[in-house]
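What follows is each chain in one-letter form.
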Amino acid sequence: MAVSLDTRYLNGFLSDYELQGLQPQVTAAHNLLHSGSGMGNDYLGWLTLPTDYDKEEFARIQQAAQRIAQDTDVFIAIGIGGSYLGARAVIEFLKSPLYNNLKKDTPDIYFAGNSISSAALAELLQLCEGRRVSINVISKSGTTTEPAIAFRVFRDYLEKTVGKDEARRRIYVTTDKEKGTLKSFADREGYETFVVPDDVGGRFSVLTAVGLLPIAVAGCDIEALMKGAAEAQTALCNPDVMQNDCYRYAALRNILLRKGRSVELMVSYEPRYALMSEWWKQLYGESEGKDGKGLFPASVIFSTDLHSLGQFVQDGSNILTETVVLIDESPVNVVIEEDAENIDGLNFLAGSTMAQINQKAFEGTVLAHTDGGTPNMVLHVPTVSEHELGYLIYFFEKACAISGYLLGVNPFNQPGVEAYKKNMFALLGKPGYEDQKAVLEQRLGR
């Protein structure tokens, strides 16, 4: 069993000949990717990562996770963007969005350094009081503003509460293998370090130490996660769009974009998938949104958001494509019992499981939305497991690369991300930005 793509709900929105007509471009994109001759070819390490990873470091990650589980009550993962989204998404999908509230034999896990909110940071510090804390700072350079601030605060907290020697044992650093401010500091202080690979960009890094350490700390089976990704690596290599669901998904979303469907709405009927959608949004938004091109990635959880955004999807402007990620087998079944008085009129559901009702909600919605003019693709995920999730992660990563090449952009850079950073540095008075600060202050009317 593996992730599969169902396209029956695209009938009437595009024709088979359109997909076949894109085959030469898909083949060219495949060749660019696998020959390493396309744009951004310095960042293709993710392509073979599921089978070609550092086994010694992988073992150290597992050992560190076991140690943390024994001596830690609260684990703080510090990072932003790809340095935290993947790990949080995997943990919430495999365990629960309520992971920290559940009974378990693993630490609570919180994520810091992904905003500049003093209130959010202060609340995390309060949660740490009187508890055993370990931290994992994740940053290629160590100078990215948001995680650097959080690391400074939590490092100071640890050193003040348990002493510098004990803090040293409780700080784990995921950073560049050889260079950078954070690597130098970690070596000087004697922190255990893990590697952010040079050839894997942040948004593709969930299956490296960047994501694997927090995921392992949560008690997830990272070996099964990698095996699922390895299966996808082998299975998704056929350039034929009719034989490769990953390439077909990439091609179809591009065809729909060319027809004016400029927003891709990722839909799930499971709240545990919400952070996976956030990870997907960064992956596609940062990879494709450049040179005036790209689909805008958005997401919803149904049936919850049917009561807020369903009206727009059904009757609003025709700019949407829906991609539904459907979990075929629910990990838990709750049965609706018969009620003697039938006050709510729901006795017709007696004996049904919530999963069965959720499936009918999907079926009713997908028919309504396609009737309303919104094309739908459905990705079937057999069950909630590390293996299936590893497969899905690789599926989306490879589809993203192919889709980017079909768009004619470099899927592996992010030049637009730097603009706000430079402006922020200038306004904060960082040395070297004096001229830019004066210009910006004038534009702000100061």
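Fair warning: this is a prediction, and the values are worked out from it, not measured in the lab.

### Focus on the pattern of salt bridges
Tallied over the full model, the rule gives 29 salt bridges. Put simply, Asp-176 and Lys-140 hold a salt bridge, and the shortest N to O gap is 2.9 Å. Separated by 36 residues along the polypeptide, Asp-176 in the loop between β5 (171-175) and α8 (181-189) and Lys-140 in the loop between β4 (133-138) and α6 (145-162) bring together distant segments of the chain. Owing to a relative accessible area of 32%, Lys-140 belongs among the partly exposed residues under this scheme.

### Observations regarding the nonpolar core
Counting 88 residues, the largest nonpolar core has Trp-46 and Phe-396 as its most contacted members. Sort the elements by how many residues they give to this core and helix α15 (residues 386-407) lands first, with 13 residues. Not counting chain neighbours up to four residues away, the residues in contact with Phe-396 comprise Tyr-249, Met-266, Tyr-273, Trp-279, Trp-280, Leu-283, Tyr-284, Val-325 and Leu-379. Grouped together as the second largest cluster of nonpolar side chains are 23 residues, Val-74, Ile-135, Leu-158 and Leu-182 included.

### Points about the packing of helix α5 (residues 118-128) against α6
Contact geometry of α5 with α6 gives a least axis separation of 12 Å together with a crossing angle of 25 degrees. Here α5 is positioned roughly parallel relative to α6, judged by the angle of their axes. Relative to α6, α5 is oriented so that their crossing is right-handed. Contact with α5, carried on its side by Leu-121, Leu-124, Leu-125 and Cys-128, involves Ala-150, Val-153, Phe-154 and Tyr-157 of α6 and no other residues of that element. Taken together, the residues of the contact of α5 with α6 break down into eight nonpolar, no polar and no charged.

### So, the packing of helix α12 (residues 274-288) against α15
At a minimum axis distance of 9 Å, the contact between α12 and α15 shows a crossing angle of 20 degrees. Taken together, the axes of α12 and α15 are roughly parallel relative to one another. Considering only the axes of α12 and α15, their crossing is right-handed. Contacts from Met-276, Trp-279, Trp-280, Leu-283, Tyr-284, Ser-287 and Glu-288 of α12 reach α15 at Leu-389, Ile-393, Phe-396, Glu-397, Ala-399, Cys-400, Ser-403, Gly-404 and Leu-407. In terms of residue class, the contact of α12 with α15 is made up of 11 nonpolar, three polar and two charged.

### A look at the sheet that holds strand β10 (residues 376-383)
Here five strands make up an open sheet; going across it, the order is β1-β10-β9-β7-β8 and the pairing mixed. Two strands close off the open sheet at either side, each with one partner strand: β1 (4-6) and β8 (296-301). Adjacent strand axes in the sheet meet at a mean angle of 25 degrees when their direction is disregarded. Two elements, β1 and β10, share three bridges in a ladder whose sense is antiparallel. Across the sheet, residue Leu-5 finds its bridge partner in β10, namely Leu-379. Along the sheet, helix α11 (residues 245-258) makes contact with β1, β7 (263-268), β9 (320-329) and β10, crossing β1 at roughly 35 degrees. Sitting on the sheet, α15 is in contact with β7, β9 and β10, with an inclination near 150 degrees to β10.

Definitions and cut-offs
- Residues numbered from 1 in each chain as written.
- Predicted model: local features only at pLDDT ≥ 70, side-chain atom pairs only at ≥ 80, totals over all residues.
- Heavy atoms only, no water.
- Salt bridge = Lys/Arg side-chain N within 4 Å of Asp/Glu carboxyl O.
- Helix = DSSP H or I, 4+ residues; strand = E, 2+ residues; numbered from the N terminus.
- Buried < 20%, exposed > 50% of the residue type's maximum accessible area, 1.4 Å probe, protein only.
- Core = buried A, V, L, I, M, F, W, Y, C linked by side-chain atoms within 4.5 Å.
- Contact = heavy atoms within 4.5 Å.
- Axes fitted to C-alpha atoms, helices over the stretch in contact; angles between N-to-C directions.
- Parallel < 35°, antiparallel > 145°, perpendicular 65-115°, else oblique.
- Left-handed = near helix turned anticlockwise from the far one by under 90°.
- Nonpolar A, V, L, I, M, F, W, Y, C, P; charged D, E, K, R; others polar.
- Pairing = 2+ DSSP bridges.

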